Amino acid sequence: MTEITQNQAVVLFSELTADNGKKIGVATLNSEKSLNALSLPMVELLLPQMQQWKDNPDIAMVLLQGAGDKAFCAGGDIRDLYHTMKASPGTFQPYVTEFFTKEYTLDYLIHTFDKPVLVWGNGIVMGGGLGLMAGASHRVVTAASRIAMPEMAIGLYPDVGGSWFLNRMPAGCGLFLGLTGASINAADAKFIDLADFYIPHDKRQLVVEALLSIRWGNTVVLNHQKLSDLLMSIETQTLNQQPASQIRLHQAPIAALAKTPDLPAAIDAILAMPNEDSWLGKAKASLRYGSPITAHIVYRLLQLGQSKILADSFRLELGLSVQCGKLGEFSEGVRALLIDKDQQPQWLYPDVASVPVAVIDELFSSPWSAAEHPLAALGRLHPPQ
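All of these numbers come straight from a predicted model, not from anything done at the bench.

Engineer: Which residues make up the sheet that holds strand β9 (residues 146–148), and what values go with them?
Structural biologist: Across the sheet, which stays open at both edges, the three strands sit in the order β5-β7-β9 with parallel pairing between neighbours. Two strands in the sheet have a free side with no partner beyond their single neighbour: β5 (71–73) and β9. The sheet shows a mean angle of 15° between the axes of neighbouring strands, direction not considered. Of the strand pairs in this sheet, β5 and strand β7 (residues 124–126) are connected by two bridges, and their pairing is parallel. The partner of C73 across the bridge, within β7, is V125.

Engineer: Tell me what's going on with the packing of helix α1 (residues 40–55) against helix α3 (residues 94–111), and back it up with residues and numbers.
Structural biologist: Helix-helix packing is described using two parameters, namely the angle between the two axes and the distance between the axes. Interaxial distance between α1 and α3 falls to 10 Å at its minimum, and their mutual angle equals 30°. Taken together, the axis directions place α1 and α3 in an arrangement best described as roughly parallel. Along this stretch, α1 crosses α3, giving a crossing that reads as left-handed. Contact residues: L40, V43, E44, L46, L47, M50, Q51 and K54 in α1; Y95, E98, F99, K102, E103, T105, L106, L109 and I110 in α3.

Engineer: I'd like a description of α1, backed by residues and values.
Structural biologist: The terminal C-alpha atoms of α1, which comprises 16 residues, lie 23 Å apart, in line with the 22 Å expected from a rise of 1.5 Å per residue. Restricting attention to buried positions, one finds in α1 the residues L40, M42, V43, L46, L47, Q49, M50, W53 and K54.

Engineer: Hey, could you go over the pattern of salt bridges for me, with residue numbers and the actual values?
Structural biologist: Inspection of the entire model under this criterion finds eleven salt bridges. Two residues, D193 and R139, come together in a salt bridge whose shortest N-O distance is 3.1 Å. With D193 in the loop between α7 (186–191) and β10 (197–198) and R139 in strand β8 (residues 138–141), the pair connects residues that are 54 residues apart, well separated along the chain. Overall, the relative accessible area of 6% leaves R139 in the buried class. Between R139 and D196 there is a salt bridge whose closest N-O contact spans 2.9 Å. Here R139, found in strand β8, pairs with D196, found in the loop between α7 and β10; they are 57 residues apart in sequence, far enough to count as distant. A network of salt bridges, in which partner residues are shared, links E332, R335, D340 and D342.

Engineer: Got a sec to walk through the pairing of strand β6 (residues 117–121)? Specific residues and values, please.
Structural biologist: Most of β6 sits out of view: five of its five residues are buried. Alternating positions in β6 separate into two faces, V117, V119 and G121 on one and L118 and W120 on the other, with burial throughout. Pairing between β6 and β8: four bridges, direction parallel. Following the sheet pairing, W120 is matched in β8 by V140.

Engineer: Can you tell me about the nonpolar core, naming the residues and giving the values?
Structural biologist: L64 and F176 are the most contacted members of the largest nonpolar core, which totals 66 residues. Examining the composition of this core, we find that six residues originate from one element, α1, more than from any other. Residue contacts for L64: discarding those within four places in its chain leaves A27, L46, M50, F72, I110, V117, L118, V119 and W120. Formed by 34 residues, the second largest nonpolar core is a distinct cluster that contains Y82, Y104, Y108 and V160.

Engineer: Could you give an account of the packing of aromatic side chains, naming the residues involved and the relevant values?
Structural biologist: Enumeration over the complete set of coordinates arrives at six aromatic pairs. Between Y108 and F314, the ring centres sit 6.2 Å apart and the planes meet at 90°, which makes this aromatic pair edge-to-face. Of this pair, Y108 sits in helix α3 while F314 sits in helix α15 (residues 310–327), placing them 206 residues apart in sequence. Y108 gets classed as buried once you look at its relative accessible area, which sits at 2%. Aromatic side chains F176 and W279 sit 5.6 Å apart centroid to centroid with 35° between the ring planes, which places their arrangement in the tilted category. On the criterion of sequence distance, the pair formed by F176 in helix α6 (residues 173–180) and W279 in helix α13 (residues 278–289) is long-range, its members being 103 residues apart. With respect to class, F176 is no different from W279; both count as buried. Through a chain of ring-to-ring contacts, the aromatic side chains of F99, F100, Y104, Y108 and F314 assemble into a single cluster. Cation over ring: R300 sits above F364, and NZ or CZ is 5.2 Å from the ring centre.

What counts, and at which threshold
Residues numbered from 1 in each chain as written. Predicted model: local features only at pLDDT ≥ 70, side-chain atom pairs only at ≥ 80, totals over all residues. Heavy atoms only, no water. Pairing = 2+ DSSP bridges. Helix = DSSP H or I, 4+ residues; strand = E, 2+ residues; numbered from the N terminus. Axes fitted to C-alpha atoms, helices over the stretch in contact; angles between N-to-C directions. Parallel < 35°, antiparallel > 145°, perpendicular 65-115°, else oblique. Left-handed = near helix turned anticlockwise from the far one by under 90°. Contact = heavy atoms within 4.5 Å. Expected span 1.5 Å × (residues − 1). Buried < 20%, exposed > 50% of the residue type's maximum accessible area, 1.4 Å probe, protein only. Salt bridge = Lys/Arg side-chain N within 4 Å of Asp/Glu carboxyl O. Core = buried A, V, L, I, M, F, W, Y, C linked by side-chain atoms within 4.5 Å. Phe/Tyr/Trp six-rings, centres within 6.5 Å; stacked < 30°, edge-to-face > 60°. Lys NZ or Arg CZ within 6 Å of the ring centre and 35° of its normal.

Below, the structure is given as structure tokens:
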């Protein structure tokens, strides 16, 4: 194993050599105290290294993982964003633009990475962590996996590609998860196509050792199949250990959300869902707590439908995120949940009925012309496979 960076770095990089000489790139998010929350320095390390591995013919695949056993990545490290937004409220901040531009560029690179990318999604996977995981070709979840898009609670919205993958879930699931931020388990993640394989966390070293015995070649499609076959063979031995899917237990009322005529009706339908258990109860409580503006953003993203161009989804999200940074709802949500921790956000509007359409229209208007957009080149240099 060849160390590429020092162990104190926020991302550790190494390269493992397989039996036939091909190499596996390994990136480990290395911030256990923050549950490996994705910071700008992490993104700035990952971007060039992932690109180098993509271009290096000796690298057969990449493994992304988190340090420790608690989390792959518990979201974006948004404290610096908060202080920047609070310092100059009501303005577009260069740091906010820089953070989201680089994060979304990394997410897009993973989505369009031609070689296999295996994400070991153990423990907490939220927000920015889900952005890293969603686009990987091979996504592993474990018994400890807890996946969520809890942006309702901070006045943002499910970004990092959420406008792409929320629209591709089974009926009603994207709207339910976006509005409630409900935490889902491994079986749920597989059901809504945010994960591919269930493997117990204690099998990780076995998987890594098996990766080294694969006869990796130069044909990308075959390498994908070899990795799929390996993971499937291990998963087959542990299928009886998978948890029960919470979404399946409530599938009928969740699916019915797709037929609700407007946002207030969708919210009423969620709050009226029958057979309430602790999971559904927490989801309803999160919905009541969350930002009315975020609820409108989620609903409109789903009303816009499925974009056929992945890069356009990230361009839309960058404009949205920068506008959210200017508006003030985002900074207030972070303050209440993570800074002062009083859990009493003073949202700009008391409920969804009070939010003017003009406010949402402004959020969905790009701050830049098409030519000036920071992600204007996305998709031109690295088209989706």
